[in-house]
Amino acid sequence: QVQLVESGGGLVQAGGSLRLSCSASGRIFSINAMNWYRQAPGKQRELVASINSDDSTYYLDSVKGRFTISRDNAKNTVSLQMTGLKSEDTAVYYCNADLSTELWGAYDLYWGRGTQVTVSS
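As a starting point, this report considers the structure included with it. (Residues numbered from 1 in each chain as written. Predicted model: local features only at pLDDT ≥ 70, side-chain atom pairs only at ≥ 80, totals over all residues. Heavy atoms only, no water.)

**With respect to the side chain of Arg71**
Applied cut-off: To qualify as a helix, a DSSP run of H or I must reach at least 4 residues; to qualify as a strand, a run of E must reach at least 2; elements of each kind are numbered from the N terminus. Within 3.5 Å is the distance limit for a polar contact, defined as a pair of N or O atoms, with the added protein rule that one can donate a hydrogen and the other accept it, and that residues adjacent in sequence qualify only through two side-chain atoms. In what follows, a contact means two residues having at least one pair of non-hydrogen atoms within 4.5 Å.
Summarising the element assignment, Arg71 is placed in strand 7 (residues 67-72). From its side chain, Arg71 meets the backbone oxygen of Ile51 in a polar contact 3.2 Å long. Looking at Arg71, its side chain comes within polar contact range of the main-chain oxygen of Asn52, at 3.2 Å. Here Arg71 is in contact with Ile31, Asn32, Ala33, Met34, Ile51, Asn52, Ser53, Asp55, Thr77 and Val78, once residues within four sequence places are set aside.

Okay, structure coming up:
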């Protein structure tokens, strides 16, 4: 069974920084993309940042230049360094991973349970 567990959320003042981490564990053979999503109250979940197995990245326009995504393939972890935080960054942040659990197996998306990030103005 695969589990993704996020950590590093919390309360921070506007302009501050936080580092989120997500660790994938269990029967994992290969991971393609690892992603960070967020969902603010009353809003749809949105993709914040993504990193592929070739280390190519994607960022939501509103976080470009402030957030940095990285991954450690040996440890099956993905991190999101967030700087210059704004009140509009307040949300529950979720990681997910597109992974397979066996050689020649299909790839499926697995989600963590989320971690709360609150930015006070």
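Picking up after the structure, the text goes on.
**What to know about the state of the cysteines**
Here is the rule we go by: Any two cysteine sulfur atoms within 2.5 Å of one another count as a disulfide. Only protein chains enter the accessibility calculation, which uses a 1.4 Å probe. A residue is then buried if its area is under 20% of the maximum for its type, exposed if over 50%, and partly exposed in between.
Within the structure shown, the criterion is met by one disulfide. Paired through a disulfide, Cys22 and Cys95 show a sulfur-sulfur distance of 1.9 Å. Here Cys22 is found in strand 3 (residues 18-25), whereas its partner Cys95 is found in strand 9 (residues 91-100), with 73 residues between them in sequence. The same class applies to Cys22 as to Cys95, namely buried.

**Let's talk about the sheet that holds strand 7**
What counts, and what does not: A pair of strands is labelled paired if DSSP reports no fewer than 2 bridges between them. Interaxial angle, 0 to 180 degrees, is taken between N-to-C directions of lines fitted to C-alpha atoms, where a helix line uses only the stretch in contact.
Read from one edge to the other, the open sheet built from four strands follows the order 1-3-8-7, with strand pairing classed as antiparallel. Among the strands making up the open sheet, the edge pair consists of strand 1 (3-7) and strand 7. Here the average twist between neighbouring strands, direction ignored, is 15°. Looking at chain direction, strand 7 and strand 8 (residues 77-82) are connected through six bridges and run antiparallel. Of the residues in strand 8, the one forming a bridge with Asp72 is Thr77.

**What to know about unusual backbone geometry**
Look at Asp55: it is not a glycine, yet its phi comes out positive at around 70°. With respect to the helices and strands, Asp55 occurs in the loop between strand 5 (46-51) and strand 6 (57-59). Positive phi, normally seen in glycine, also occurs at Asn76, with a value near 55°. Tracing the chain through its elements places Asn76 in the loop between strand 7 and strand 8.

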